[in-house]
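Structural overview for review
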Amino acid sequence: MSLTLLATTHRVAPGLLSWRAWERLRTAARVLAPAGHPLLPSLADADVAVEEAPAPDPAALVAAARAADVVWVAAPEGDEALLREVGALVVADPLDVEVLHGSYDLPGARLLDLVSVMDTLRRECPWDREQTHASLVPYLLEESYEVLDTVESGDLGALREELGDVLMQVAFHSVVAAERTDGTEFTIDDVAAGIVDKLVRRHPHVFADVAVSGADEVNANWDQIKAAEREAKHGADASALDGVPMAQPALSLAAQLQRRAARMKAPADLAPAPGEAGASDLGVRLFALVAEAREAGLDPEAELRAVSRVFRDRVRAWERRRPNA
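Keep in mind it's a predicted model, so treat the numbers as computed, not measured.

1. Side note on the overall build of the protein
Summing up its helical and strand segments, the protein has 14 helices and five strands in all. Its C-alpha atoms give the protein principal-axis dimensions of roughly 95 × 70 × 45 Å. Counting across all 325 residues of the protein, residues that qualify as buried make up 30%. By sequence separation, contacts in the protein at least 24 residues apart represent 60% of the contacts at least 6 residues apart. As displayed, the protein offers around 21000 Å² of accessible surface, 59% of which is attributable to carbon and sulfur atoms. Separation between the mean location of the 33 positive side-chain charges and that of the 53 negative ones in the protein comes to 6 Å.

Below, the structure written as structure tokens:
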């Protein structure tokens, strides 16, 4: 006689079990499961008789398995405590025990947990309930800069956690958006669908029959596709500068505007001039330094951050050398 502990994941639709799991369920003398297990309707549809057990008794389960081939359908969250107790019982008096995985998480399946957790927090946490898109923006910026900091500092071990914080912000904005009823609502599935469509559309050399010779041609195609998207969205008023976020840090903003202008081969004399409306002499010189950095293949924002880190370290060293007041 034997005991099979059937493990499944709640992140896969109930009933999507492996062929071996279904075979074992149909040939077992007895199938037991916790009351209310999500697999019960699927097992009933497949004519698998199931005995529901409100609370599993390890000793009774082992005793039943010594008399017949038994399958225990483990709870979706797992039955680790039950497994340990069963293991202790069969050490002294051996029994054929097998752990059979009937379904596994698909790649990305834990994202479902994130969606579920965010839905729960939005309903039950007073702070989360009060948040809006506007109130969440500072956190999204903060978390994004923390990702940047881990990459620039080389602390790649911390990158996973920081990316998780950014992902949480995406999920948070999505659950807030899903509550609207004015026609502007969307869900996290809509967000994912949008970026999937965009990636497929902008990579015809991968998802269609467009041939490219290398990365330069990929970039050229990308620019053409984006130009067509802007024209479809804005019509005759479409500009290559559409979509440049003006709220980004000034150095990176200047660099992005210059990159977009350079792709169109815009003349250099379109840069701001001293005394021009909205331009100061200092601003013009900073804008010129950004252009100088770009010509050297440097990121002006990253260069200034690097110098700022050196300055920070020197100030801290000076503080340590100061005599005590």
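2. Section: helix H12 (residues 250-263)
An ideal rise of 1.5 Å per residue puts 20 Å on 14 residues; H12 measures up with 20 Å between its terminal C-alpha atoms. Listed in full, the buried residues belonging to H12 are Leu251, Ser252, Leu253, Ala254, Ala255, Gln256, Gln258 and Arg260. Summarising the contacts, the buried residues of H12 are in contact with helix H11 (215-234), helix H13 (281-295) and helix H14 (300-321). Among the residues trailing H12, lysine 265 stands out with phi positive, at a value near 60 degrees.

3. Some thoughts on the sheet that holds strand S3 (residues 51-53)
Spatial strand order, S3-S2-S4-S1-S5: five strands in an open sheet with parallel pairing. Both outer strands of the open sheet, S3 and strand S5 (96-101), are each paired with one neighbouring strand and no more. The sheet shows a mean angle of 25 degrees between the axes of neighbouring strands, direction not considered. Sheet analysis places strand S1 (residues 2-7) next to S5, joined by six bridges and oriented parallel.

4. Section: the side chain of glutamate 143
Counting through the fold element by element, glutamate 143 comes out in helix H7 (residues 133-153). Although glutamate 143 lies buried, it forms no salt bridge, and the closest oppositely charged side chain, arginine 160, sits 13 Å away as judged by the N-O distance. Residue contacts for glutamate 143: discarding those within four places in its chain leaves Glu162, Asp165, Val166 and Gln169.

5. Section: the pairing of strand S4 (residues 70-73)
In regular strands, side chains alternate between the two faces of the sheet. In S4, alternate side chains face the same way, and those of Val70 and Trp72 on one face and Val71 and Val73 on the other are all buried. In this sheet, S4 lies alongside S1 in parallel orientation, the contact comprising four bridges. By the bridge assignment, leucine 6 is partnered in S4 with valine 73. Pairing geometry for strand S2 (residues 30-34) and S4, over three bridges, is parallel. Residue arginine 30 lies in a different strand from S4, and its bridge partner there is valine 70.

6. Considering the packing of H12 against H14
Running from N to C, H12 and H14 cross one another at 155 degrees; their axes reach a closest spacing of 8 Å. Viewed along their axes, H12 and H14 adopt a mutual orientation that is roughly antiparallel. Side by side, H12 and H14 meet where Leu251, Ser252 and Ala255 of the first sit next to Pro300, Glu301 and Leu304 of the second.

7. As for a nonpolar patch on the surface
On the surface, Ile195, Val196, Leu199, Val200, Val206 and Phe207 cluster together into a nonpolar patch covering about 520 Å² of accessible area. At the level of elements, helix H9 (188-202) and helix H10 (204-207) are the ones that each hand at least two residues to the nonpolar patch. For the nonpolar patch, the leading source of residues is H9, giving four residues.

8. A short note on the environment of leucine 136
Summarising the element assignment, leucine 136 is placed in helix H7. Exposure remark for leucine 136: the relative accessible area of 0% places this residue in the buried category. Taking the C-alpha atoms as reference, leucine 136 lies 8.3 Å from phenylalanine 172; in sequence the two are 36 residues apart. In this structure leucine 136 touches Gln131, Gln169, Phe172, His173 and Val176, once residues within four positions along its chain are discounted.

9. Description of H13
With 15 residues, H13 extends 21 Å between its outermost C-alpha atoms, agreeing within 8% with the 21 Å of an ideal straight helix rising 1.5 Å per residue. Elements in contact with the buried residues of H13: H12 and H14.

10. Observations regarding the packing of aromatic side chains
Going through the model one piece at a time under the given rule, you end up with two aromatic pairs. Ring centres of tryptophan 127 and phenylalanine 172 lie 6.4 Å apart, and the angle between their planes is 65 degrees; this geometry places the pair in the edge-to-face category. With tryptophan 127 in helix H6 (residues 126-130) and phenylalanine 172 in helix H8 (residues 159-177), this pair connects stretches of sequence that are 45 residues apart. Pairwise contacts between aromatic rings join Trp127, Tyr139 and Phe172 into one cluster.

Analysis parameters
- Residues numbered from 1 in each chain as written.
- Predicted model: local features only at pLDDT ≥ 70, side-chain atom pairs only at ≥ 80, totals over all residues.
- Heavy atoms only, no water.
- Helix = DSSP H or I, 4+ residues; strand = E, 2+ residues; numbered from the N terminus.
- Buried < 20%, exposed > 50% of the residue type's maximum accessible area, 1.4 Å probe, protein only.
- Contact = heavy atoms within 4.5 Å.
- Areas by Shrake-Rupley, 256 points an atom, 1.4 Å probe, with all protein chains shown as cover.
- Lys, Arg positive; Asp, Glu negative; His and termini not counted.
- Charge placed at Lys NZ, Arg CZ, Asp CG, Glu CD.
- Expected span 1.5 Å × (residues − 1).
- Pairing = 2+ DSSP bridges.
- Axes fitted to C-alpha atoms, helices over the stretch in contact; angles between N-to-C directions.
- Salt bridge = Lys/Arg side-chain N within 4 Å of Asp/Glu carboxyl O.
- Parallel < 35°, antiparallel > 145°, perpendicular 65-115°, else oblique.
- Patch = residues over 30% accessible without salt bridge, like charges linked within 9 Å, V, L, I, M, F, W, Y side chains within 5 Å.
- Phe/Tyr/Trp six-rings, centres within 6.5 Å; stacked < 30°, edge-to-face > 60°.

Everything listed here is a matter of geometry and, on its own, says nothing about what the molecule does.
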